[in-house]
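# Per-entry structural report
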Amino acid sequence: MVPRALTIAGSDSGGGAGIQADLKTFQELGAFGMTALTAVTAQNTLGVSGVWPLPPDAVAKQIEAVATDIGVDAAKTGMLFDSAIIEAVAEAVRRHGIEKLVVDPVMIAKGGAPLLKADAVEALRRRLLPQALLVTPNIPEAEALTGLAIRTRADMEKAARAIVAMGAKAVVVKGGHGDGETADDLFYDGARVEVLSAPRVATRNTHGTGCTFSAAVTAALAKGEDLLDAVRIGKAFITAAIREALNLGGGHGPTNHWA
Ligand code: PLP
């Protein structure tokens, strides 16, 4: 059986993040990629110059179309933009019994453009996190979800426990936004805490890192890997993709999905 992976996310015209990053990652890792588009962005390595969300019904219909025919072994969410789209996605995921759901709580692009409305964080917390097998916040996103200030490893663990208490089965708080010698991510599944460490890579070409990581985990889950192994596969994939990042455009170049 071909592993089937669905991304529910926004389009990045620049090809480095969003559904484009997700599809490239699915392809590299041997999963058949499908998409439910939530929004179109006009975007390049310099930033986001326009955002057009789709109607929530259009998002739900795309999920229904693929789930009722092709089938979904694992899915991820990326940019969801507003609470109406979050509600539609949460309902469609529930209705179609998608159990392996990775929620990447995308909030703000590296250039500062909002990809989620401020008043939608509550909908994400209430409606989507309880359906997540894994949530993959970076440090600012974990702070926004929990209201905690995260400075130390102990703070990361506290935030991870708070996110699991919101109903997610597991979480990986990503340490890439820290400033240590290594980029340390903290995994927690309600029972065990694991720290996944990789050397920090000095590069400005980090566009699409979050999307690529969560897509790699989703592809591994679609292939039947268990959760912690899938997270380890995602970490190895994103570390290589950042180390070999592409120097394209005049701003933050994209991670390299061939790496
Ligand atoms: N654009 C879209 C459509 C995305 O889904 C994402 C993902 O987080 C981004 C942009 C953010 O990209 P960056 O890695 O530059 O923050």
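About the cut-offs
Throughout this document, residue positions are counted from 1 along each chain, in the order its sequence is written. Totals for whole chains, interfaces and linings use all residues, but because this is a predicted model, local features are given only for residues with pLDDT of at least 70 and pairs of side-chain atoms are given and counted only at 80 or more. With hydrogens and water excluded, all non-hydrogen atoms of the structure serve as input to the side-chain values. A run of H or I in DSSP counts as a helix once it spans at least four residues, and a run of E counts as a strand once it spans at least two, with each numbered from the N terminus. Three exposure classes are used, based on accessible area relative to the maximum for each residue type with a 1.4 Å probe and protein chains only: buried under 20%, partly exposed in between, and exposed over 50%. Residue contacts are counted whenever heavy atoms from the two residues lie within 4.5 Å of one another. Criterion for a salt bridge: a side-chain nitrogen of Lys or Arg within 4 Å of a carboxyl oxygen of Asp or Glu. Candidates for patches are residues over 30% relative accessible area with no salt bridge; among them, like charges are joined within 9 Å and nonpolar side chains (Val, Leu, Ile, Met, Phe, Trp, Tyr) within 5 Å. Accessible surface is estimated by sampling points in the Shrake-Rupley manner with a 1.4 Å probe; for residues, cover comes only from the protein chains shown. Of the two site types, the cavity is a set of points on a 1 Å grid over the protein atoms alone where a 1.4 Å probe fits but cannot get out, and the pocket is an open set with protein on both sides within 12 Å along at least five of seven lines, each lined by residues with an atom within 4 Å of a point. Grid points are joined across faces, edges and corners, and a volume is the space filled by probe spheres set on the points. Side-chain classes are defined by residue name, with Ala, Val, Leu, Ile, Met, Phe, Trp, Tyr, Cys and Pro counting as nonpolar, Asp, Glu, Lys and Arg as charged, and the others, Gly among them, as polar. Near, as used in this document, describes a residue that has one of its heavy atoms within 4 Å of the molecule or strand being considered. Definition of a polar contact: a pair of N or O atoms within 3.5 Å, with one able to donate and the other able to accept a hydrogen when the atoms are protein atoms, and with sequence-neighbouring residues admitted only if both atoms are side-chain atoms.

The name recorded for the protein chain in an unreviewed UniProt entry is Hydroxymethylpyrimidine/phosphomethylpyrimidine kinase, from Calditerricola satsumensis.

## Quick notes on the side chain of T77
With respect to the secondary-structure elements, T77 resides in strand β4 (residues 74–77). A residue is classified by how much of its surface remains accessible, and T77, at 0% relative accessible area, is buried. With residues near it in sequence (within four places) discarded, T77 still touches I8, V89, L101, V102, V103, D104 and L128.

## Remarks on the pattern of salt bridges
Counted by the stated rule, this structure contains 13 salt bridges. Among the charged side chains, a network of salt bridges with common partners joins E91, R94 and R95.

## Here's the deal with a nonpolar patch on the surface
Nonpolar side chains collect at one region of the surface, where V2, F32 and I70 lie side by side and expose about 260 Å² of accessible area between them. Given a relative accessible area of 42%, F32 falls into the partly exposed group.

## Brief notes about the layout of surface pockets
Estimates place the volume of the second largest pocket at around 230 Å³. What lines the second largest pocket is a set of 14 residues, and nearest its centre among them are I139, M156, G175, G178 and D179. Counting only elements with at least two residues in the lining of the second largest pocket, the list comes to α6 (153–165) and β8 (182–188). Tallied by class, residues from the lining of the second largest pocket come to 3 nonpolar, 6 polar and 5 charged.

## A word on the site of the ligand
Around the ligand, the surrounding shell holds 15 residues, and the nearest of these are Q43, K110, H207, G208 and C211. Within the side chain of H207, one N or O atom sits 2.5 Å away from an oxygen atom of the ligand. Take G208: an N or O atom from its main chain is 2.7 Å from an oxygen atom of the ligand. With the chains in place, 93% of the 400 Å² that the ligand exposes on its own is no longer accessible.

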